[in-house]
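# Topology and contacts: notes
Letter by letter, the chains look like this.
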Protein chains: 2
Amino acid sequence: MAARQRNLANRISIWARRSEVVDQLQELPWCDESSTDLETCCKDAELIILCAPVKRIIELSQRIAPLLNSTPIITDVGSVKADICRDCEDAFGHQAHFIGSHPMAGSEKTGLENAQDDLFEGKSCFVTPTDDSDTQATNTVSAFWEALGSNIYTESPERHDAIVAQISHVPHILAAALASYLSREETDAQNLCGNGLKDTTRIASGSPELWQEIISQNGTEILKSLDQFQKEIDAFKETIVNEDTAKTIEFLARGKEFRDSIQ
Amino acid sequence: MAARQRNLANRISIWARRSEVVDQLQELPWCDESSTDLETCCKDAELIILCAPVKRIIELSQRIAPLLNSTPIITDVGSVKADICRDCEDAFGHQAHFIGSHPMAGSEKTGLENAQDDLFEGKSCFVTPTDDSDTQATNTVSAFWEALGSNIYTESPERHDAIVAQISHVPHILAAALASYLSREETDAQNLCGNGLKDTTRIASGSPELWQEIISQNGTEILKSLDQFQKEIDAFKETIVNEDTAKTIEFLARGKEFRDSIQ
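In this text the structure is predicted, and so the values were computed from the model without any measurement. (Residues numbered from 1 in each chain as written. Chains lettered and ligands numbered in written order. Predicted model: local features only at pLDDT ≥ 70, side-chain atom pairs only at ≥ 80, totals over all residues. Heavy atoms only, no water.)

Contacts between the two partners involve 81 residues from chain B, matched on the other side by 80 residues from chain A. Interface of chain B and chain A: buried area, both sides summed, is about 7,800 Å²; carbon and sulfur atoms make up 65% of it. Area buried by chain B at its contact with chain A is led by L192, F258 and R259 of chain B, which between them contribute 9% of it. Summed over the shared surface of chain B and chain A, the number is six salt bridges. (Contact = heavy atoms within 4.5 Å. Buried area = accessible area lost by both parts, 1.4 Å probe. Salt bridge = Lys/Arg side-chain N within 4 Å of Asp/Glu carboxyl O.)

All names here are of chain A. Strand order in the open sheet formed by three strands is 3-4-5, with parallel pairing between adjacent strands. A strand with exactly one partner marks an edge of an open sheet, and here the two such strands are strand 3 (47–50) and strand 5 (97–98). Pairing of strand 4 (residues 73–76) with strand 5, which is carried by two bridges, proceeds in the parallel orientation. Within strand 5, the position partnered with I74 by the bridge is F98. Sitting on the sheet, helix 6 (residues 135–147) is in contact with strand 3, strand 4 and strand 5, with an inclination near 55° to strand 4. (Pairing = 2+ DSSP bridges. Helix = DSSP H or I, 4+ residues; strand = E, 2+ residues; numbered from the N terminus. Axes fitted to C-alpha atoms, helices over the stretch in contact; angles between N-to-C directions.)

Moving on to the nonpolar core. Of all hydrophobic cores here, the largest spans 116 residues; its most connected members are F92 of chain A together with F92 of chain B. If near-sequence neighbours (up to four positions away) are discounted, F92 of chain B is found in contact with S61, I64, A65, L68, I74 and F98 of chain B. (Core = buried A, V, L, I, M, F, W, Y, C linked by side-chain atoms within 4.5 Å. Buried < 20%, exposed > 50% of the residue type's maximum accessible area, 1.4 Å probe, protein only.)

Here we come to unusual backbone geometry. Despite not being glycine, D44 of chain A shows a phi value in the positive range, around 60°. For D44 of chain A, the location among the structural elements is in the loop between helix 3 (38–42) and strand 3.

As a further point, take the relation of the copies chain B and chain A. Aligned on chain A, chain B shows an RMSD of 0.0 Å; the corresponding rotation is 180° and the shift along the axis is 0.0 Å. What the superposition gives is, in effect, a two-fold axis relating one chain to the other. For chain B, the residue whose C-alpha comes nearest the rotation axis is T200 of chain B, separated from it by 2.0 Å. (Least-squares fit on C-alpha atoms with pLDDT ≥ 70 in both.)

Below, the discussion takes up the pattern of salt bridges. Pairing between side chains of opposite charge can happen when their charged atoms approach one another. As enumerated under the stated definition, the model contains 30 salt bridges over all chains in all. A salt bridge links R202 of chain A to D199 of chain A, with the shortest nitrogen-to-oxygen separation between them at 3.1 Å. Of the residues examined, R202 of chain A reaches a relative accessible area of 24% and is grouped as partly exposed. Its salt-bridge partner being D32 of chain B, residue R4 of chain B comes within 2.3 Å of it at the nearest N-O pair. Here the residue R4 of chain B occupies a position in helix 1 (residues 2–5), and D32 of chain B occupies one in the loop between helix 2 (19–26) and strand 2 (33–35), the gap between them amounting to 28 residues. By relative accessible area, R4 of chain B is classed as partly exposed at 23%. Several salt bridges share partner residues, and in doing so they unite R184 of chain A together with E232, E250 and R254 of chain B into one network.

Attention shifts here to the packing of aromatic side chains. Residues and elements named next belong to chain A. Per the stated rule, a full pass over the model turns up twelve aromatic pairs over all chains. On the basis of an interplanar angle of 20° and a centroid distance of 6.1 Å, the ring pair of F92 and F98 is categorised as stacked. A single burial state applies to F92 and to F98, both of which are buried. Judged by centre distance (5.2 Å) and plane angle (70°), the ring pair of F144 and W145 falls under edge-to-face. A relative accessible area of 14% means that F144 is categorised as buried. (Phe/Tyr/Trp six-rings, centres within 6.5 Å; stacked < 30°, edge-to-face > 60°.)

Glancing now at the confidence of the model for chain A. The predicted model of chain A averages 94 in pLDDT, with 99% of residues at 70 or higher. Under the prediction, the complex receives an ipTM of 0.84, its pTM being 0.84. (pLDDT = per-residue confidence, 0-100.)

All names here are of chain A. In this model, helix 6 (13 residues) spans 18 Å end to end at C-alpha, consistent with the 18 Å of a helix rising 1.5 Å per residue. At the N-terminal boundary of helix 6, the capping side chain belongs to D134, with an oxygen 3.1 Å from the backbone nitrogen of Q136. A positive backbone phi angle near 105° is found at G149, which sits one or two residues after helix 6. (Expected span 1.5 Å × (residues − 1). Polar contact = N/O pair within 3.5 Å; in protein donor to acceptor, adjacent residues only side chain to side chain.)

Moving on: the packing of helix 7 (residues 157–184) of chain A against helix 12 (residues 245–260) of chain B. Taken N-terminus to C-terminus, the directions of helix 7 of chain A and helix 12 of chain B make an angle of 70°; their axes are 7 Å apart at the nearest point. By the criterion of interaxial angle, the relationship of helix 7 of chain A to helix 12 of chain B is roughly perpendicular. Of the residues in helix 12 of chain B, those in contact with H172, I173, A176, A177, A179, S180, L182, S183 and R184 of chain A of helix 7 of chain A are F251, L252, R254, G255 and F258 of chain B. Among the residues making up the contact of helix 7 of chain A with helix 12 of chain B, the classes are represented as eight nonpolar, four polar and two charged. (Parallel < 35°, antiparallel > 145°, perpendicular 65-115°, else oblique. Nonpolar A, V, L, I, M, F, W, Y, C, P; charged D, E, K, R; others polar.)

The next point concerns the sheet that holds strand 6 (residues 100–103) of chain A. Residues and elements named next belong to chain A. The three strands are arranged 6-7-8 in an open sheet whose pairing can be described as mixed. On the outer flanks of this sheet lie strand 6 and strand 8 (151–154), each paired with one strand and no other. Neighbour-to-neighbour, the strand axes of this sheet turn through a mean angle of 20°, independent of strand direction. With four bridges joining them, strand 6 and strand 7 (residues 124–128) adopt antiparallel strand pairing. Each bridged residue has a counterpart across the sheet, and for H102 the counterpart in strand 7 is F126. In the packing of helix 6 onto the sheet, the strands contacted are strand 6, strand 7 and strand 8, and the crossing angle to strand 7 comes to about 170°.

Rendered as structure tokens:
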């Protein structure tokens, strides 16, 4: 939808797993072709974007590889990159140039009915080439996301995974843990809570299945980051136990400064 | 502003500490009188609402008590109730009926310029009588907040403090700790982050001084609640270490179910 709106493609062909979705897509003005058949959609492609849960992206690449006739550039939108980039590069070999992407856009809402053509505008997008990546393919993928309005961050897949553990996966786990903890308490928290708790736990509404896959692909980095976060909480508990006014304010002020600096 | 809009008062008199604020208030159509002098504002009052940081509420009650001429009902809007209810009851003795309140409304924004007359609509409001409270005074305070559109929860001050530790204070500390942790990492998190992190850390923008006072008045309950939360995180780490797909999904689904149930 966004690519059509910005005139980035001559022909947009969309594969979907379920025929109901294919039927819906065929009604949409921005979609030229839709099919449940991978070969139909990949034929003669210049750019293929794998949009699926992280585990399925690797499966898809293995199914697509033997169907390719045009040495396309292929990217994806998975939230974890090390496993995907390694396995997709392996799957495609010389039949395609695979370069991983991770647009930091979207919400807890999924499905075609929540599509927005300005979804990527002003958002960050990781592009994650490896040492084996073709420079021109990397540039094409970056240019694509940039044309959709994104700000590009180029990082190795491994560095990407360490960063998103901190800025996305651990925050998700904290929101989920807070919501899960509150659900165990005999407090009418759902009705009592103010806007603060609503904001803090909003992302806990995301799909458990999607997030389980993300977490399982980035477990090592997530555990590292949770341990660092733990140190922060432990230090803060100390300031409460010691009734250390100055240190409590210092801690809260550091958090405020960071939050106020977010664009 | 909200009380005037709903016609709940004949005369609205507002005390402010700084004369600039008194000047601003005098320009406003919903304020009948404003002064830096407590006696002027408390004279002949039927209902007094103490709106100040939690520590200052107790100080204010001690300054107001000798000035009263009308045995008013007095309430407050402090976020912690056990200390305030005990000390304010002591301060007023038979000169007033003090009943604590805690409207769960507001945001990280403070000051007159952020006033909204629909602030309390559809929000929860705690009313926290003690064993010594006058029933009619409790009913009047509840009726006041109800008339502003709030849903009333009547709890003892101690039970209130245990509840808000869970649903407000610990969430605030987690948001602040996450923001503080990220500010220490060499990641361009402020620019990179998606909407998830923005939501999760939003309340960390609140005033460090205000929150330090809240935390210091509710330290015991907060530490208890942080320990319970800790168990949730530890159990979740286990599921990652054990690569336990079913348990990871169960945890995330419990969080989602809770979050989806928030009104």
